[in-house]
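# Structural characterization, general
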Amino acid sequence: MATPLRTPRSHHYHVYVVELSDEVWNVGRFRKANPDWQLGKPFVYVGMTGLDPDVRFDKHKAGIQSNVFVRKWGVRLLPALYTMYNPMPYEGARDMEVELGIALREAGYGVWQA
């Protein structure tokens, strides 16, 4: 019987995407950061963490090391946009956070990254 492949211990970082409510569009610095947002596309926050994304989202909402956009306007995680990348090493997550934000912005999403 073959043993299942194990994820290396160093591969415990995750990128994640949080849907933000439409009210975030009323914040000037969010609008300024997203001049090419396309009507009908969601507003999102893209982050990376060494925690499970569900735990990280809960911490944001509780005000623990939280980003103001997620704390005030975070609605839910959007796992369809990130689960295929996780888990990964720290360097991969750091790079993927930036690349995913760029890709979503190019697709017309309104994106915030810390």
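Reference entry: report on the structure contained in this document. Residues take numbers from 1 onward in each chain, read along the sequence in its written order. Restriction of local features to residues with pLDDT of at least 70 applies here, the model being predicted, together with a cutoff of 80 or more for giving and counting side-chain atom pairs; totals for whole chains, interfaces and linings are based on all residues. With hydrogens and water excluded, all non-hydrogen atoms of the structure serve as input to the side-chain values.

## Brief notes about the overall build of the protein chain
A run of DSSP states H or I qualifies as a helix once it reaches four residues; a run of E qualifies as a strand once it reaches two. Both are numbered from the N-terminal end. A tally of helices and strands in the protein chain yields 4 helices and 4 strands. Going from N to C terminus, the protein chain has its helices and strands arranged as β-α-β-α-α-β-α-β. C-alpha extents for the protein chain along the principal axes are approximately 55 × 30 × 25 Å. Three labels apply to residues, based on accessible area from a 1.4 Å probe with only protein chains included: buried if under 20% of the type maximum, exposed if over 50%, partly exposed otherwise in between. Of all 114 residues assigned to the protein chain, the portion counted as buried reaches 39%.

## Quick word on the packing of aromatic side chains
Planes of paired rings set the category: under 30 degrees apart is stacked, over 60 is edge-to-face and the rest tilted, where pairs are Phe, Tyr or Trp rings (Trp by its six-membered ring) whose centres lie within 6.5 Å. Overall, the coordinates contain 11 aromatic pairs when judged by the stated rule. On the basis of an interplanar angle of 45° and a centroid distance of 4.4 Å, the ring pair of F69 and W112 is categorised as tilted. Taken together, the residues F69 in helix α3 (residues 68-73) and W112 in strand β4 (residues 110-113) connect sequence positions 43 residues apart. A residue is classified by how much of its surface remains accessible, and F69, at 1% relative accessible area, is buried. An aromatic cluster is built from W25, F30, W37, F43, F69, W73 and W112, whose rings are joined through pairwise contacts.

## Quick word on the sheet that holds strand β3 (residues 74-77)
With mixed pairing, 4 strands are arranged side by side in an open sheet as β3-β1-β2-β4. The sheet is open, and its two borders are formed by β3 and β4, each paired with just one other strand. Here the strands of the sheet are splayed against their neighbours by 35° on average, with no regard to which way each runs. Between any two strands, at least two bridges found by DSSP are needed for them to pair. Inspection of the sheet shows strand β1 (residues 14-20) paired to β3 by 3 bridges, in the antiparallel sense. Its bridge partner being in β3, E19 is matched across the sheet by R76. Axis geometry follows a simple rule: fit a line to the C-alpha atoms, using only the stretch in contact for helices, then measure angles between N-to-C directions, giving values from 0 to 180 degrees.

## As for the pattern of salt bridges
Just to be clear on terms, a salt bridge is a Lys or Arg side-chain nitrogen sitting within 4 Å of an Asp or Glu carboxyl oxygen. Under the defined criterion, the tally for this structure stands at 2 salt bridges. For E19, the salt bridge goes to R76, with nearest N and O atoms at 2.8 Å. Taken together, the positions of E19 in strand β1 and R76 in strand β3 put the pair 57 residues apart, joining distant regions of the chain. Note that R94 is salt-bridged to D95, the shortest N-O span being 3.7 Å.

## What to know about helix α2 (residues 53-62)
Three- or four-residue spacings in an α-helix give side chains the same orientation, since the helix completes a turn every 3.6 residues. Here α2 has its buried residues at P53, R56, F57 and H60. All buried residues of α2 fall inside an arc of 100° around its axis, so they share one side. Along α2, the residues that are exposed and aim more than 90 degrees away from the buried face are D58 and A62. Residue contacts are defined here by distance: any two heavy atoms, one from each residue, within 4.5 Å place the two residues in contact. For α2, the elements touching its buried residues are β1, β2 (43-49), α3 and β3. N or O atoms within 3.5 Å of each other form a polar contact, as long as, within protein, one can give a hydrogen and the other can take it, and as long as residues adjacent in sequence are counted only when both atoms are side-chain atoms. Backbone nitrogen of D54 and a side-chain oxygen of the N-cap are separated by 2.8 Å at the start of α2; the cap is D52. Just downstream of α2 lies G63, where phi reads positive at about 85°. The directions from the helix axis to the C-beta atoms form the arc being described.

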